[in-house]
Amino acid sequence: MTDGFMGPPWQMDWRLSALAALEALPVHVREMVHAARAELVTAKDPYFRGIETDAGLPSGMKVRPDRSTDPKGRHICIFDHGNGWLKYVFVRRTEDPQIVVEEIFWLGADSPTAPPAEP
């Protein structure tokens, strides 16, 4: 182990219910979630605290505290321009800091398909 606090890339763990919800999503949504995951695990501070911290995130993605009164508590990573989000906490341990995804949700329809061909 190291003598000090470890930095990114962070480990990410999923609650079983969140992992099951992820696997049930359409492929194009899972790709958005994986992009959000990549941003979270490589961020210097997974809670994106400070001014203009969302500026470096991809379009359609934001990170906000679940409750403004608890800035070190659970956070929400919004993706797909607000159509989806995942709730996570950052467990800041010296030996094994990690992000734990507690819940994932996506409100949207499957990707559009072509209309049926006429006979």
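Residues numbered from 1 in each chain as written. Predicted model: local features only at pLDDT ≥ 70, side-chain atom pairs only at ≥ 80, totals over all residues. Heavy atoms only, no water.

**Description of unusual backbone geometry**
Link 1 in the chain: A positive phi angle is found at D80, which is not glycine, with a value near 55 degrees.
Link 2 in the chain: Positionally, D80 belongs in the loop between β3 (75–79) and β4 (84–91).
Link 3 in the chain: Judged by relative accessible area, which is 18%, D80 ranks as buried.
Link 4 in the chain: The phi angle at H81 is positive, at roughly 55 degrees, despite the residue not being glycine.
Link 5 in the chain: Here H81 is to be found in the loop between β3 and β4.
Link 6 in the chain: You can call H81 exposed: its relative accessible area is 60%. (Helix = DSSP H or I, 4+ residues; strand = E, 2+ residues; numbered from the N terminus. Buried < 20%, exposed > 50% of the residue type's maximum accessible area, 1.4 Å probe, protein only.)

**Details of the confidence of the model for the chain**
Link 1 in the chain: Per-residue confidence for the chain gives a mean pLDDT of 84; residues scoring 70 or more make up 84%.
Link 2 in the chain: Helix α1 (residues 16–24) holds the highest mean pLDDT among the elements of the chain, 95, whereas strand β2 (residues 62–65) holds the lowest, 90. (pLDDT = per-residue confidence, 0-100.)

**Points about the side chain of D80**
Link 1 in the chain: Among buried Asp, Glu, Lys and Arg side chains, D80 stands out as unpaired, with K62 the closest opposite charge at 13 Å.
Link 2 in the chain: Leave out the neighbours within four places in its chain, and D80 touches M32, G60 and W106. (Lys, Arg positive; Asp, Glu negative; His and termini not counted. Salt bridge = Lys/Arg side-chain N within 4 Å of Asp/Glu carboxyl O. Contact = heavy atoms within 4.5 Å.)

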